[in-house]
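Architecture at a glance
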Amino acid sequence: MNLIKRIMIPLGVTVIVLLGVQLGNLHDYAKAADSNQEFPKNEISKINTSQNNLTFVLIHGSWADVSFFDETAAALRKQGHTVYVPELPGHGVLNKDKNVTHEQITNAVVDYIKKKDLKNIVLLGHSFGGTVIMTVSQQTPDRIRRLVFFNAFVPLNGESLYDQLPPPIKETFGKLSQASGDGTILLPFPLFRDAFANTASLEEAKALYSKVKPEPARPLEQKLDLKKFYELQIPKSYLNLTEDTALPHGDYAWHPKQSSHLGFFRYIEGDGDHFTTVHTEPRMIAEKFVEAGRD
Amino acid sequence: MNLIKRIMIPLGVTVIVLLGVQLGNLHDYAKAADSNQEFPKNEISKINTSQNNLTFVLIHGSWADVSFFDETAAALRKQGHTVYVPELPGHGVLNKDKNVTHEQITNAVVDYIKKKDLKNIVLLGHSFGGTVIMTVSQQTPDRIRRLVFFNAFVPLNGESLYDQLPPPIKETFGKLSQASGDGTILLPFPLFRDAFANTASLEEAKALYSKVKPEPARPLEQKLDLKKFYELQIPKSYLNLTEDTALPHGDYAWHPKQSSHLGFFRYIEGDGDHFTTVHTEPRMIAEKFVEAGRD
Amino acid sequence: MNLIKRIMIPLGVTVIVLLGVQLGNLHDYAKAADSNQEFPKNEISKINTSQNNLTFVLIHGSWADVSFFDETAAALRKQGHTVYVPELPGHGVLNKDKNVTHEQITNAVVDYIKKKDLKNIVLLGHSFGGTVIMTVSQQTPDRIRRLVFFNAFVPLNGESLYDQLPPPIKETFGKLSQASGDGTILLPFPLFRDAFANTASLEEAKALYSKVKPEPARPLEQKLDLKKFYELQIPKSYLNLTEDTALPHGDYAWHPKQSSHLGFFRYIEGDGDHFTTVHTEPRMIAEKFVEAGRD
């Protein structure tokens, strides 16, 4: 009930922004609707339509690094888009610090965006990256045109990524990170192969797994202050690959469970799994990124 | 439980009709089965198989008019089918009367069918059109070969279309219609763009939106007497485009929530959203109409 | 909760087997993870990768016989795989015995596998065949490389196939088998056409139906001892065709309801229905069998 209520609130505000009308609650939908009936058609045409040159900032997830988006970024650039792929602290070549915090990751992305003075960004987060685009958007809302959640976690305010997991998986991850001695989690290969790379051949799965490094657990455990995010008026999309069972389908599914936390959003769907398809079908994935990311 | 029970009742009666056996309740399934074991193969071959010339009557939904089916009707005709697309009172060129009732819409379609003396119809309703094919079928059951619900509302007996909506959306629609002053609802563009035309480009979404007129709210609010519909033995299909989030996925989804009200039905699935795909992929949609509509 | 807990247990044991570490409970995941951090890359390469020559044993379901897999088996053989399709007692040419039991069916398949001395099998079961691969795997676990459930029933320990059905369907099947006088159930054509062959043309549906024989009900009613199955460490896949509504979508769906009984498994998805697609798109189905069946 609570979740569904949130559907209309961001929408309301989007309408407000578009119409330049001050609305504050559900009751004011009436005004929005009324205004809309005189909605000038040329207002719509003022909406930026240079959709052939989007500026993407792609945020990878856990057990990944910048190379996750190599093929897809190339496909997007070939189509005329501009693509930035920052590597998250604690991952890839920056993975020295096993004790990295969610704040440090957030700040690194914010700094990256500000340093390069990126504007009108389509900010896309995959998996754990969903939590990062939420916290980044709280710091640089004016630079973001649209947020795209790509089989991504969408914690509610005050929740952690762990809180999105089925309890036994949450518990297991906790034990794995305790056991590693250095606060990281390494995915066992059989889990990676069948839950993250289910559509891959064994050879592809092994190649993908050879790049997987231990993941710092702390940012997954941290409860996140997302109050501002849930008040922001940035349009949102959810891109769901239907064979992605990194979150098991059913009560804890990417869609419609995680996605429903967004309230109102654009839904885009494709075939594929959690780790394979970005590499094996980059052109299709690039098209889906554009469908999800454009105005 | 109640819904699931209905699965078997229409089926039972279909079996009866086919076998010419008088069955009245679940217990009589036994007879149906028994008869079936001597089911003469040549009985089956008597079933009309002229599936290359179906007669479609296509009923558009809210915020739409006859042009909704232009491309798909053309594709169906090219395949040899006969297609009729009546425009609903209160919509399109007939949209003068903002106070149109569900009865008036129903009667207009029934008159249209009788005047043209259409028989063996595949009667397809999209969205709000689902409620119309239900009430029309109550008046002209003998002219209808199969009912096709295309991402369509299927209210239970005594319910309205509004009763199918998540409560906050229902509430908002109510306020929008109150606020318009003339009992109509106009969809705000951001809602239309992301919930009805999510797979469209912005240009396509704007072009589609330019045709959207205020929708008379009354037929959406009216509680419908559907007692007879739920006793009819007309075969039914549900066609679901999986990216259609005009009804949010989850507890209130087109499928399997609205579709389950039908009890036993044929399920057909395709890619696409609520308003775009009929225009951008008419040949695919036409094929799905045939898959859903044929015997 | 209980189901989700099972997710991690087979996974744990798979990890154990792979790592050669003795683990017994969830707590020991810690050890698995720890070991994994030194996971030798060449261990992975020892995994059998001769995925171009899989040995499939395909188990058909109810109302079917060996011809169910004719086209798909041919497509698999063309790709270099070895395919065996035993016919179940009580079905096809072996369908004399209407009183066949689940044990007799199980034993026939076990005998077939042992007689031919088949090893490293990908054992795939369709529909009712899911219950058969479960009981067969209890008797010959060492010959099975992976179990594939193809829109298949997955009863919990002590349950029957009937226990997986929505209650009114279960009740109806019961009455149909009582009524037949010889303990069999024949599907009425309208049910078969719309629930089993929904994507078929009427001609295709009639052709498929002409092969349908009365199904012995006893193996569907029998409660199965599956205790050992749920302790086995054989990897599992679930292949789901998304238009298959032989089990209605929703609370009783093939996926994620039946599939969730497996705990941890590889999920593969395709387009198609319960009875048509194996015949009309055998190359696509063969590819899905390989995706589901390979290591």
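Residues numbered from 1 in each chain as written. Chains lettered and ligands numbered in written order. Predicted model: local features only at pLDDT ≥ 70, side-chain atom pairs only at ≥ 80, totals over all residues. Heavy atoms only, no water.

Chain A appears in an unreviewed UniProt entry as Alpha/beta fold hydrolase from Paenibacillus solisilvae.

1. Quick word on the side chain of D244(C)
Residues and elements named next belong to chain C. Tracing the backbone through its elements, the reader meets D244 in the loop between β7 (236–241) and α11 (254–260). Lacking a salt bridge, the buried D244 has R193 as its closest oppositely charged neighbour, with an N-O distance of 13 Å. A polar contact is formed between the side chain of D244 and the backbone nitrogen of A246, at a distance of 2.9 Å. Ignoring anything within four residues of it in the chain, the contact list for D244 reads N151, H249, W254, G272, D273 and H274. (Helix = DSSP H or I, 4+ residues; strand = E, 2+ residues; numbered from the N terminus. Buried < 20%, exposed > 50% of the residue type's maximum accessible area, 1.4 Å probe, protein only. Lys, Arg positive; Asp, Glu negative; His and termini not counted. Salt bridge = Lys/Arg side-chain N within 4 Å of Asp/Glu carboxyl O. Polar contact = N/O pair within 3.5 Å; in protein donor to acceptor, adjacent residues only side chain to side chain. Contact = heavy atoms within 4.5 Å.)

2. Here we look at helix α4 (residues 70–78) of chain B
Residue and element names in this part refer to chain B. All buried positions along α4 are accounted for by T72, A73, A75 and L76. Buried residues in α4, looked at end-on, bunch into an arc of 160°, giving them a common side. In the core, the buried residues of α4 are packed alongside β1 (55–59), β2 (82–84), α12 (277–280) and α13 (282–293). G80, located one to two residues past α4, shows a positive phi value of around 100°. (Arc of directions from axis to C-beta.)

3. A short note on the environment of I268(B)
Relative to the helices and strands, I268(B) is located in strand β8 (residues 266–270). As a C-alpha pair, I268(B) and L241(B) span 27 residues in sequence and 8.7 Å in three-dimensional space. For I268(B), the contacting residues outside a window of four places in its chain are Y238(B), L239(B), N240(B), K288(B), E291(B), A292(B), N198(C), T199(C) and E243(C).

4. Topic: the sheet that holds strand β8 (residues 266–270) of chain C
Strand pairing within a sheet occurs via backbone hydrogen bonds; the two strands may be parallel or antiparallel. All names here are of chain C. Taking strand neighbours across the sheet as the criterion, the six strands line up as β2-β1-β3-β4-β7-β8 in an open arrangement whose pairing is parallel. Looking along the sheet, the strands with just one partner apiece sit at the ends: β2 (82–84) and β8. Across the sheet, the mean angle from the axis of one strand to that of its neighbour is 20°, orientation sign disregarded. One ladder, built from six bridges, connects strand β3 (residues 121–126) with strand β4 (residues 144–150); its direction is parallel. Within β4, the residue paired with V122 across the bridge is R146. Sheet contacts for helix α13 (residues 282–293): β1 (55–59), β3, β4, β7 and β8; angle to β8, the most-contacted strand, approximately 170°. (Pairing = 2+ DSSP bridges. Axes fitted to C-alpha atoms, helices over the stretch in contact; angles between N-to-C directions.)

5. Remarks on the sheet that holds strand β4 (residues 144–150) of chain B
Residue and element names in this part refer to chain B. As summarised here, the arrangement of the six strands in space is β2-β1-β3-β4-β7-β8, forming an open sheet in which the pairing is parallel. Since the sheet does not close on itself, it has two edges, and those belong to β2 and β8, each with one partner. Within this sheet the neighbouring strands show an average axis-to-axis angle of 20°, counted without direction. Contacts from α13 reach β1, β3 (121–126), β4, β7 (236–241) and β8 within the one sheet, and its direction differs from that of β8 by about 170°.

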